[in-house]
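Observations on chain architecture
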Number of protein chains: 2
Amino acid sequence: MNTVNLKQLAKELNVSVSTVSRALRDSWEISTPTKQRVFELAKKMNFQPNPYASSLRKHRSRTIAVVIPEVANNFFALAIKGIETIAREKGYHVLIYLTNEDAGEEMSVATSLQSGRVDGVILSLSGHTTDIRHLVELQQRNIPLVFFDRVCDSIGAPRVVTNDYESGFVATEHLIRAGCRRIAHLAISMELSISHKRMKGYTDGLRRYDQPFDDGMVVHCEDSDEENYKKIRALLSSPDRPDGIFASVEKLAVQVYHVCRELGLDIPRDVKVIGFSNLVTASLLNPALTTISQPAYDMGKEAATILFRRLEKKYILPPEDSVILPAKLEVRSSTI
Amino acid sequence: MNTVNLKQLAKELNVSVSTVSRALRDSWEISTPTKQRVFELAKKMNFQPNPYASSLRKHRSRTIAVVIPEVANNFFALAIKGIETIAREKGYHVLIYLTNEDAGEEMSVATSLQSGRVDGVILSLSGHTTDIRHLVELQQRNIPLVFFDRVCDSIGAPRVVTNDYESGFVATEHLIRAGCRRIAHLAISMELSISHKRMKGYTDGLRRYDQPFDDGMVVHCEDSDEENYKKIRALLSSPDRPDGIFASVEKLAVQVYHVCRELGLDIPRDVKVIGFSNLVTASLLNPALTTISQPAYDMGKEAATILFRRLEKKYILPPEDSVILPAKLEVRSSTI
DNA sequence: GGGCCCGACTACAACGTTTTCGTAAAAAGA
DNA sequence: TCTTTTTACGAAAACGTTGTAGTCGGGCCC
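Residues numbered from 1 in each chain as written. Chains lettered and ligands numbered in written order. Predicted model: local features only at pLDDT ≥ 70, side-chain atom pairs only at ≥ 80, totals over all residues. Heavy atoms only, no water.

Once that is clear, we can look at the overall build of chain A. On a plain count of helices and strands, chain A comes out with 12 helices and 12 strands. For a compact globule of 336 residues, the expected C-alpha radius of gyration is about 20 Å, and chain A comes in at 25 Å, more than 25% above that figure. Each of the 336 residues in chain A was classed as buried or not, and the buried ones make up 56%. Looking at chain A alone, contacts between residues at least 24 apart form 71% of all its contacts between residues at least 6 apart. Of the roughly 14400 Å² of accessible surface on chain A, a fraction of 51% belongs to carbon and sulfur atoms. One way to put it: in chain A the 43 positive side-chain charges average out to a point 9 Å from where the 41 negative ones average out. (Helix = DSSP H or I, 4+ residues; strand = E, 2+ residues; numbered from the N terminus. Rg over C-alpha atoms; globule rule 2.2 N^0.38 Å. Buried < 20%, exposed > 50% of the residue type's maximum accessible area, 1.4 Å probe, protein only. Contact = heavy atoms within 4.5 Å. Areas by Shrake-Rupley, 256 points an atom, 1.4 Å probe, with all protein chains shown as cover. Lys, Arg positive; Asp, Glu negative; His and termini not counted. Charge placed at Lys NZ, Arg CZ, Asp CG, Glu CD.)

Okay, structure coming up:
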């Protein structure tokens, strides 16, 4: 445990604790020679101020929390990197919490964050969050909250998202133009607003091109990879199987590849595949996967930037400042 | 900011602050009815103890730091997940710091951690760390340090690694048995002990099978993806190009795929490829990539477990307790 | 020379917990 | 009945910083 503190420096230098404290914060109340002496000794003794004492006194922890459903996923990993980059620049520390897509865990994390442990929170909802009281409470306690990607519409907080509706539309359109006439959509938790938007993009895309909507073509996937595998397998085994698949998240696209391999279906001949994904290996897959890729790193940076704007400005900011970054369609062999 | 505190609870209940504090910690010194009353009010007022006050008083933050070179990488992402899982179980919080493979950033992080902000540190070295004074200093301040994967041999600290030497040997052996006669090794920073071990496995593998060692076949890669690309391209463009490649990290294996595609080289016919990797899509690549995969999640869990053992036991533990988890060779088409 | 300001400090009270040391009353022991 | 122990609590001092409110000597002005 750290043991060199202000008192020791003060004693050594024959000045008061307050003088040392102020000298270190480069206050104008302290003469230059004194500051010099303090700086030197602090450096020599490798003094590191106790952050907990400081936080307690200042009601400010210079720490933020990042709450995400999972991390073993390029999207969230890159977002973390973006957040950490900005946080480091600003001299903030980053606590990380994984909810594992569990609303209960998310709630308990959020509740524990009410303690004032962090100055602000960046969050991406779990797939099963319906009750958002824990998030409202955070706001009520004046702890700024910024959403990214999996945002919550029913709460007034800044958010950073991609153009999910348009992306869903574009993905569907792309498949239709590639000749698909039975397009399936692999959706995730319909609790999430991004799911709705992607789905709406899908249905509107179908409508726009006068394609019939068949709700047998919408597969609602869950957390369990095994279950999803079965559902996708069932979908692709059926006599009227789709000739195009739009996967709303990366892991589902990957599963489609596995299923096709097992069933001996050829991508893209038998079925074309497009998916939301940030896989670095998308272009190396067999066949290369057409993706809608989100600017994860920039989203993280943006979310952090917005949060710090709130933390640092004294004047009131509008309750919302949303940022919508465009996702990018990268056409590859899986849809050609 | 949180504003309900012990004093308020105490006033409301007409007891002293100490009583409330003790009641909440379920002390035997407090009568059951009093505890009941305290618990109820605390719940009703949604009391969350101020962690900073507590940490200051107890010299214990219930927080650990995870310091890693990067996060947008399945290995480290999974390790984080393992660490976070154990930390959550133990009621600890996890701070994350990315060094971006920069020794300077690693040093500044480690130095700032001397403040007592965390109770312990789990670290994987940056690729350029040579000076380890900042880590020694941490230990001297009694902040337990546990290494994982990229460990530091010259410092007495517990470590969690895979059998890198054996893996290097096995990878090389596998290529030789597959018929390769000119095997290249794509190495990373030779500052790292894992690099040495993997390399030693490689050279010993060659020797064991009476293959000549050609140091033109060892490519020392850096951080810059462009530079690496050029080096790999040069390697594969040369007239006496290798017929087998052993990549010591995932991103290099991926680069090999890109280069081969560009040069029109067929994997595995022209060149066979094996690499350390935790890619979930390894089996879906074109061709499927033979990997040495490390049990990243378990390594994270193990590292955290060791750290908490140190944090929680009162009695002295041996300075070292290393864990070596086996990596796994997964043979796929890229070496067949 | 008395009042005033000013530069450069110091003293002390916070911040919200935990913990040490008491102590009154009740229970137990003699 | 009187001491001793136990039970259940309270007062106050930490923990290391920071902010507020002085203090004190000296220079300046009139």
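Relative to chain B, chain A is turned by 180 degrees and slid 0.0 Å along the rotation axis, the superposed coordinates differing by an RMSD of 0.1 Å. This pairing of chains is accounted for by a two-fold axis. (Least-squares fit on C-alpha atoms with pLDDT ≥ 70 in both.)

In the vicinity of DNA strand D there are 27 residues, among which A:R57, B:S16, B:T19, B:R22 and B:T34 approach most closely. Take the atoms of DNA strand D that sit within 4 Å of the protein: sugar and phosphate atoms are 59% of them. The contact in question runs from a base nitrogen of DNA strand D to an N or O atom on the backbone of A:A53, over 3.4 Å. A distance of 3.1 Å separates a base nitrogen of DNA strand D from a polar atom in the side chain of B:S18. When residues of the surface near DNA strand D are traced back to their parent elements, those giving at least two are helix 2 (17–24) and helix 4 (51–58) of chain A together with helix 2 (17–24) and helix 4 (51–58) of chain B. When grouped by side-chain class, the residues that make up the surface near DNA strand D number 8 nonpolar, 12 polar and 7 charged. (Near = heavy atom within 4 Å. Polar contact = N/O pair within 3.5 Å; in protein donor to acceptor, adjacent residues only side chain to side chain. Nonpolar A, V, L, I, M, F, W, Y, C, P; charged D, E, K, R; others polar.)

This next bit is on the sheet that holds strand 6 (residues 183–187) of chain B. Residues and elements named next belong to chain B. Pairing is mixed in the open sheet, where 6 strands are placed in the order 7-6-8-9-10-12. Each edge of the open sheet is held by one strand with a lone partner, namely strand 7 (218–220) and strand 12 (328–330). The average undirected angle you get between the axes of adjacent strands in this sheet is 15 degrees. (Pairing = 2+ DSSP bridges. Axes fitted to C-alpha atoms, helices over the stretch in contact; angles between N-to-C directions.)

A word on the interface of chain A and chain B. Counting from both sides, the interface comprises 55 residues of chain A and, opposite them, 54 residues of chain B. Of the roughly 5300 Å² buried at the junction of chain A and chain B (both faces included), carbon and sulfur atoms supply 57%. Residue B:R88 is joined to A:E105 by a salt bridge in which the shortest nitrogen-to-oxygen separation is 2.9 Å. Counting across the chain A and chain B interface gives 28 residue pairs in polar contact (both at pLDDT 80 or more). Only helix 4, helix 5 (74–90), strand 2 (93–98), helix 6 (103–113) and helix 11 (250–263) of chain A provide two or more residues apiece to the side of chain A that touches chain B. At 7 residues, helix 5 of chain A tops the list of elements feeding residues into the side of chain A that touches chain B. Counted by class, the side of chain A that touches chain B contains 25 nonpolar, 22 polar and 8 charged residues. (Buried area = accessible area lost by both parts, 1.4 Å probe. Salt bridge = Lys/Arg side-chain N within 4 Å of Asp/Glu carboxyl O.)

Moving on, we get to helix 11 of chain A. Across its 14 residues, helix 11 of chain A extends 20 Å between first and last C-alpha, which sits within 8% of the 20 Å expected from 1.5 Å per residue. On its buried side, helix 11 of chain A packs onto strand 6 (183–187), helix 10 (225–237), strand 8 (244–247) and strand 9 (272–276) of chain A. (Expected span 1.5 Å × (residues − 1).)

A few words on the packing of helix 10 of chain A against helix 11 of chain A. Residues and elements named next belong to chain A. Packing of helix 10 against helix 11 brings their axes to within 9 Å, and their N-to-C directions diverge by 55 degrees. Compared by their axis directions, helix 10 and helix 11 come out oblique. Both helix 10 and helix 11 take part in a crossing whose hand is right-handed. Where helix 10 abuts helix 11, its residues D225, N228, Y229, I232, R233, L236 and S237 lie against K251, L252, Q255, V256, H258, V259, C260, E262 and L263. Here the contact of helix 10 with helix 11 is built from residues that sort into 8 nonpolar, 4 polar and 4 charged. (Parallel < 35°, antiparallel > 145°, perpendicular 65-115°, else oblique. Left-handed = near helix turned anticlockwise from the far one by under 90°.)

In the neighbourhood of DNA strand C, 26 residues make up the surrounding shell, with A:S16, A:T19, A:R22, A:S31 and B:R57 lying closest. Atoms of DNA strand C within 4 Å of the protein belong to the sugar or the phosphate in 61% of instances, the rest to bases. A distance of 2.8 Å separates a phosphate oxygen of DNA strand C from a polar side-chain atom of A:S16. A distance of 2.4 Å separates a phosphate oxygen of DNA strand C from a polar side-chain atom of A:S31. Mapped by element, the contributors of at least two residues to the surface near DNA strand C are helix 2 and helix 4 of chain A together with helix 2 and helix 4 of chain B.

On to the domain arrangement of chain A, then. Residues and elements named next belong to chain A. Segmenting chain A into domains produces domain 1 (6–49), domain 2 (59–162 + 296–324) and domain 3 (164–294 + 329–335). Counting residues at the interface gives 18 residues for domain 2, matched by 12 residues for domain 3. Carbon and sulfur atoms make up 46% of the surface buried where domain 2 meets domain 3, a total of about 1300 Å² over both sides. The three residues of domain 2 that bury the most area against domain 3 are N74, H128 and T162, which together make up 33% of that side's buried surface. Linking domain 2 with domain 3 are 1 salt bridge, by the criterion used here. When the shortest N-O distance is used, the salt bridge between D149 and R198 registers 3.9 Å. At the boundary of domain 2 and domain 3, one finds 7 residue pairs in polar contact (both at pLDDT 80 or more). Among the elements of the structure, helix 5, strand 5 (159–162) and helix 12 (296–312) are those that each provide at least two residues to the side of domain 2 that touches domain 3. Among the elements that line the side of domain 2 that touches domain 3, the one with the most residues is helix 5, at 3 residues. (Domains from an automatic or database assignment.)

The next thing to look at is the state of the cysteines. Going through the model one piece at a time under the given rule, you end up with 0 disulfides over all chains. As a non-bridged cysteine, A:C180 has A:C260 as the owner of its nearest cysteine sulfur, 12 Å distant. Take A:C180: its relative accessible area is 1%, and that puts it in the buried class. There is no disulfide at B:C221, and the cysteine sulfur nearest it, in B:C260, is 14 Å away. (Disulfide = S-S within 2.5 Å.)

Turning next to the packing of aromatic side chains. All names here are of chain A. One pass over the full model with this rule turns up 15 aromatic pairs over all chains. Consider the rings of F75 and F76, whose centres lie 5.0 Å apart with planes at 75 degrees: the pair is edge-to-face. Residue classification places F75 among the buried positions, given a relative accessible area of 6%. For F76, a relative accessible area of 3% corresponds to the buried category. Taking the centre distance of 6.0 Å and the plane angle of 75 degrees together, the rings of F76 and F148 count as edge-to-face. (Phe/Tyr/Trp six-rings, centres within 6.5 Å; stacked < 30°, edge-to-face > 60°.)

All names here are of chain A. One open sheet holds the 6 strands; their spatial order is 7-6-8-9-10-12, and the pairing between them is mixed. Of all the strands in the sheet, just strand 7 (218–220) and strand 12 (328–330) have a single pairing partner and so form its edges. In this sheet, adjacent strand axes meet at a mean angle of 15 degrees when their direction is disregarded. In this sheet, strand 9 lies alongside strand 8 in parallel orientation, the contact comprising 4 bridges. Residue pairing for strand 9: F246 is matched across the bridge by I274.

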